[in-house]
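Summary of structural features
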Amino acid sequence: MDRYDLFMQEAIKEALKAQQLGEVPIGAVIVHRDQVIGRGHNLRETKQDPLAHAEMIAIKEASQQLNSWRLNECELYVTLEPCPMCAGAIIQARVERLIFATEDPKAGCAGTLLNLLNEDRFNHQTEVISGVRREECSLLLTRFFQNLRQQKKLKKQQQKRER
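What counts and what doesn't
Residues numbered from 1 in each chain as written. Predicted model: local features only at pLDDT ≥ 70, side-chain atom pairs only at ≥ 80, totals over all residues. Heavy atoms only, no water. Patch = residues over 30% accessible without salt bridge, like charges linked within 9 Å, V, L, I, M, F, W, Y side chains within 5 Å. Areas by Shrake-Rupley, 256 points an atom, 1.4 Å probe, with all protein chains shown as cover. Salt bridge = Lys/Arg side-chain N within 4 Å of Asp/Glu carboxyl O. Lys, Arg positive; Asp, Glu negative; His and termini not counted. Charge placed at Lys NZ, Arg CZ, Asp CG, Glu CD. Helix = DSSP H or I, 4+ residues; strand = E, 2+ residues; numbered from the N terminus. Buried < 20%, exposed > 50% of the residue type's maximum accessible area, 1.4 Å probe, protein only. Expected span 1.5 Å × (residues − 1). Contact = heavy atoms within 4.5 Å. Core = buried A, V, L, I, M, F, W, Y, C linked by side-chain atoms within 4.5 Å. Pairing = 2+ DSSP bridges. Axes fitted to C-alpha atoms, helices over the stretch in contact; angles between N-to-C directions.

What follows covers a positive patch on the surface. A surface patch of positive charge is lined by K152, K156, K160 and R163. Position of K160 among the secondary structure elements: in helix α5 (residues 134–162).

It is possible for side chains bearing opposite charge to pair when their charged atoms get close. The final tally for this structure, using the stated rule, is 13 salt bridges. Between E10 and K13 there is a salt bridge, and its shortest N-O distance comes to 3.0 Å. One end of the pair, E10, and the other, K13, are both in helix α1 (residues 3–20), three residues apart, so they sit about a helical turn from each other. Here R97 ties to E96 by a salt bridge, and the two come within 3.8 Å at their closest N and O atoms. For R97, a relative accessible area of 16% corresponds to the buried category. On the basis of relative accessible area, E96 is assigned to the partly exposed category, the value being 37%. If you follow the salt bridges from partner to partner, you end up with R3, D34, E75, E96, R97 and E127 in one network.

One turn of the α-helix equals 3.6 residues, which is why residues spaced by three or four share an orientation. An ideal rise of 1.5 Å per residue puts 18 Å on 13 residues; helix α3 (residues 54–66) measures up with 18 Å between its terminal C-alpha atoms. Buried residues in α3 make contact with β1 (27–32), β2 (35–41), β3 (74–80) and α4 (84–92). One or two positions beyond α3, positive phi appears at N67, with a value near 55°.

With respect to the helices and strands, Q64 occurs in helix α3. A relative accessible area of 56% places Q64 in the exposed class. It is 30 Å that separates the C-alpha atoms of Q64 and T112, two residues lying 48 residues apart in sequence.

Core analysis: the biggest nonpolar cluster contains 27 residues, and I30, L71 and L98 have the highest contact counts within it. In this structure L71 touches I30, I59, A62, S63, L66, A93, R94, V95 and E96, once residues within four positions along its chain are discounted. Counting residues in each nonpolar core, the second largest holds twelve residues, with A11, I12, A101 and I129 among its members.

On to the side chain of H53. Along the chain, H53 turns up in the loop between α2 (44–47) and α3. The exposure class of H53 is buried, given its relative accessible area of 14%. Residues within four places of H53 in sequence aside, it is in contact with N42, R44, C83, M85 and C86.

This next bit is on the sheet that holds strand β5 (residues 127–130). Paired through backbone hydrogen bonds, the strands of a sheet run either parallel or antiparallel to each other. Here we have five strands laid out as an open sheet, ordered β2-β1-β3-β4-β5, and mixed in their pairing. Two strands close off the open sheet at either side, each with one partner strand: β2 and β5. Strand-to-strand, the axes of this sheet are offset by a mean angle of 15°, without reference to chain direction. Summarising the sheet, β3 and strand β4 (residues 97–102) pair through five bridges and their orientation is parallel. Each bridged residue has a counterpart across the sheet, and for V78 the counterpart in β4 is F100.

Structure, rendered in structure tokens:
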């Protein structure tokens, strides 16, 4: 197992924590000199906070660990391609490298819809590596949303029976 797989596995562990809470299973870790210094998983529903994305939580924790807003020499591993907000935070935090598992066709800003991380008009660019454990993370998300749709369908059927 190479280092990308190893640290993506840590991000997947975070995604599974989100899933246990009924959240969309997205997880992130920040690595500095081969040590995990920040962890996060999606908590938008739990906290009713639009900023509670896995990446944002991991960035905040890593900044506190380093006692700096600059995450120089850091890599961010995340199970789903970052959205515009998270891509902006990655740039602002000066993260050196982003490694993500699967593309986000609805909000991906690390190459799918836009590539904010390699926009040369910004004062910082982040190296992007995609596809690390893609199938595993894609399946995790697909199953979550299939389950959610099934639960909604069953709830509607239950409501019809109660009328």
